[in-house]
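# Descriptive analysis of the structure
What follows is the residue order along each chain.
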Amino acid sequence: RSDCGAETSAWASGGSFTTLCDLVTTFSQNWDGVAANALPVCFNKVGTLGSVYAQAGSTSSGANTLYIYASNSSSEPTLALQPVSNAGAGTHWLKFKLRANFTVGGKLQVGYLTNPTDATSFVMIQEFIANSATTYEEFKCIPGTLPGSNTTLALRAKGSPANSMLVDDLVWELTPSCLSPSLFSSSNLTASTATLNWTASNSNPTNGYDIYYNTVNTAPLVDTMPTINNQTGVSANLADLTSATTYFWWIRSDCGAETSSWATGGSFTTLCNAVSIPTNLETFESSNSGVPVCWSTGLVSGTENWDVATGDAGDIEAAYAGSNFMEKNYTSSDAILISFPIDYSSITNSTRINTYLHRHASAHANDQYKIYINTSPSLTGATEIFSLYSKTSIAPTVAATGWYNYTINIPTSFNGQSSIYVIFEGITTAGFDSYDLGIDDFKVEITPCPEWTGAISTAWNVAGNWCDNTVPSALTNVIINSANPAIISTDVTVASMTLGASAKVTVGSTGVLNV
């Protein structure tokens, strides 16, 4: 106001100002006590781009977490952290926990601002990826001396991919003298062994590394007894593991006088033991979603994969038997379903797949099943042994919509392999004009004899085309289930003949068949 001697003016509002935050040497922030859509004192959004604020729920600890999101590369938000006096001293690190809000793959950058009020002055130090949408992962950024005399560290969300992220338990603290290793992975997985890998700690621990692994995802405490002590190098081989089991592991440096904190190495799953023939009948009743244990799926194209279906599901009214079956939705995609490994090391007989496939009268002409055999769980290098269109009017034709039994011979060239995999491929390409595909009651078995396999040729009188390497006589009750055609070009007499749905027998111009 003005002071005019005899009188003063009315007070006029001059607005407001905020003093700068004191420089600190450490801070810890878990966003608790902050109002929704706000930020703590001394933590500021710089500029107007994107979104960054405290929110309730989905936390690592306490009541709140930090939400940060950029909808595209032109709207990347920048959060200035509480200013520190030692950003470039090379003595501290920034530790925080990160997870995806919905979709994994979001990228969070840690850096510093050369001008605390200008987001364009952001200089990145390190980038981190949100790998899980359910579990927070702890990360550390060691700025070293890069920030120099600048005092404001900052976070920035990348807009490509445009995935929102959550950040909790943010701490600026003295870097421990004994640091954990980093960059973890697992390799050389078998049913009972695995190799754990890491990048060496910058502390060069004098006593190597301690490792703890378990089938329960509960992190070890400071005084937890390690499973492996004083491991040297940057890998460890584990043995005597249980097949088809997920293990979680942690590692720490042992620097002699002290140890680092435990760092999570993630998880790995051991492979399945190969199953002997005949395999148990797989009815798909053991799981109500996904696939049974030791089965897997993959996509060649599209997004619709094989999944366990129960009861009346889409275009398929019921399982062949029981409640469940494997289904691939009509949505256009090319998807594969891979069986458990099957032990063929001692197989000398002819073998076959025995399964039920669903066919539909209204299916599109291109809706198709294919079956492959491979020595690895992959289409790469696989041998196609069967192809069938779902549409009932396409050969081999069937009477009506429903489940039909198919037996498919496995080439004897796979005999002696340590293990093989049966791979089903389901192909739908016509959108709403396609119909669901279904698989039920699967097994692999020794081919019952005397049965036609057509393993070598189409000639009836070639012994190698029969499961017991013997051409049938007049006393033989012949079974023909294979889709491989049999051609009779001589005078043939058998006691009886049973033909499967996909069987085809041709009597040539020089042949005679007597039954």
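From a predicted model like this one, the values you see are computed outputs, not experimental measurements.

Let's shift gears to the side chain of D436. When you line up the elements, D436 lands in the loop between β27 (421–428) and β28 (437–446). With no salt bridge to any partner, buried D436 finds its closest opposite charge in K328, at an N-O distance of 7.3 Å. Engagement of the side chain of D436 in a polar contact is seen with the backbone nitrogen of Y330, the distance being 2.8 Å. In this view, D436 contacts A313, G314, D315, I316, E327, K328, N329 and Y330; residues no more than four positions away in its chain are not counted.

A complete count under the given rule lists 8 salt bridges for this structure. In this structure, the salt-bridge partner of D169 is K97, at a minimum N-O distance of 3.6 Å. A residue pair is termed long-range when its members are at least 10 positions apart, and D169 in strand β11 (residues 165–174) and K97 in strand β6 (residues 92–100) qualify at 72 residues. For D169, a relative accessible area of 16% gives the class buried. Three or more residues are tied together by salt bridges with common partners; here these are R352, K443, E445 and E451.

Take the packing of aromatic side chains next. Counted under the stated rule, the structure contains 23 aromatic pairs. Between Y212 and W250, the ring centres sit 5.9 Å apart and the planes meet at 40°, which makes this aromatic pair tilted. Residue Y212 is located in strand β14 (residues 209–214), and its partner W250 is located in strand β17 (residues 246–253); the two are separated by 38 residues in the primary sequence. Neither residue differs from the other here; Y212 and W250 are each classed as buried.

For a regular strand, side chains alternate in direction, first toward one face of the sheet and then toward the other. With 8 of 8 residues buried, β27 lies mostly within the body of the structure. Going residue by residue along β27, you find Y421, I423, E425 and I427 tucked away on one face and V422, F424, G426 and T428 tucked away on the opposite face as well. Pairing between strand β22 (residues 333–338) and β27: 6 bridges, direction antiparallel. By the bridge assignment for β27, S333 is matched with T428. Note: strand β24 (residues 368–374) against β27, 7 bridges, orientation antiparallel. By the bridge assignment, I371 is partnered in β27 with F424.

This part is about the state of the cysteines. Inspection of the entire model under this criterion finds 3 disulfides. Shown here is the disulfide that connects C178 with C255, its sulfur atoms set 2.0 Å apart. Disulfide C178-C255: torsion about the S-S bond near 85°, hence right-handed. In this pair, C178 sits in the loop between β11 and β12 (182–187) while C255 sits in the loop between β17 and β18 (263–269), placing the two residues 77 residues apart along the sequence. As far as burial versus exposure is concerned, C178 and C255 are alike and both buried.

With that settled, consider the pairing of strand β23 (residues 351–359). β23 sits mainly inside the fold: 9 of its 9 residues count as buried. Burial along β23 is two-sided: T351, I353, T355, L357 and R359 and R352, N354, Y356 and H358, pointing in opposite directions, are all buried. As paired strands, β23 and strand β26 (residues 402–410) are joined by 9 bridges and run antiparallel to one another. Residue pairing across strands places H358 opposite W403, the latter belonging to β26. Taken together, the 6 bridges between β23 and β28 define a ladder with antiparallel strand orientation. Considered in β28, the bridge of R352 is made with E445.

For the rest of this paragraph, the subject is the side chain of S75. Along the chain, S75 turns up in the loop between β4 (64–69) and β5 (78–80). The residues touching S75, leaving out its near neighbours within four places in the chain, are L49, G50, Y69 and A70.

This part covers the sheet that holds β22. What the 5 strands build is an open sheet, ordered β19-β22-β27-β24-β25; its pairing is antiparallel. Edge positions in the sheet fall to β19 (296–301) and β25 (383–389), since each of these pairs with one other strand and no more. Ignoring strand direction, the axes of neighbouring strands in this sheet form an average angle of 20°. In this structure, β24 lies alongside β25, joined through 6 bridges in antiparallel fashion. Following the sheet pairing, I371 is matched in β25 by F386.

Calculation rules
- Residues numbered from 1 in each chain as written.
- Predicted model: local features only at pLDDT ≥ 70, side-chain atom pairs only at ≥ 80, totals over all residues.
- Heavy atoms only, no water.
- Helix = DSSP H or I, 4+ residues; strand = E, 2+ residues; numbered from the N terminus.
- Buried < 20%, exposed > 50% of the residue type's maximum accessible area, 1.4 Å probe, protein only.
- Lys, Arg positive; Asp, Glu negative; His and termini not counted.
- Salt bridge = Lys/Arg side-chain N within 4 Å of Asp/Glu carboxyl O.
- Polar contact = N/O pair within 3.5 Å; in protein donor to acceptor, adjacent residues only side chain to side chain.
- Contact = heavy atoms within 4.5 Å.
- Phe/Tyr/Trp six-rings, centres within 6.5 Å; stacked < 30°, edge-to-face > 60°.
- Pairing = 2+ DSSP bridges.
- Disulfide = S-S within 2.5 Å.
- Axes fitted to C-alpha atoms, helices over the stretch in contact; angles between N-to-C directions.

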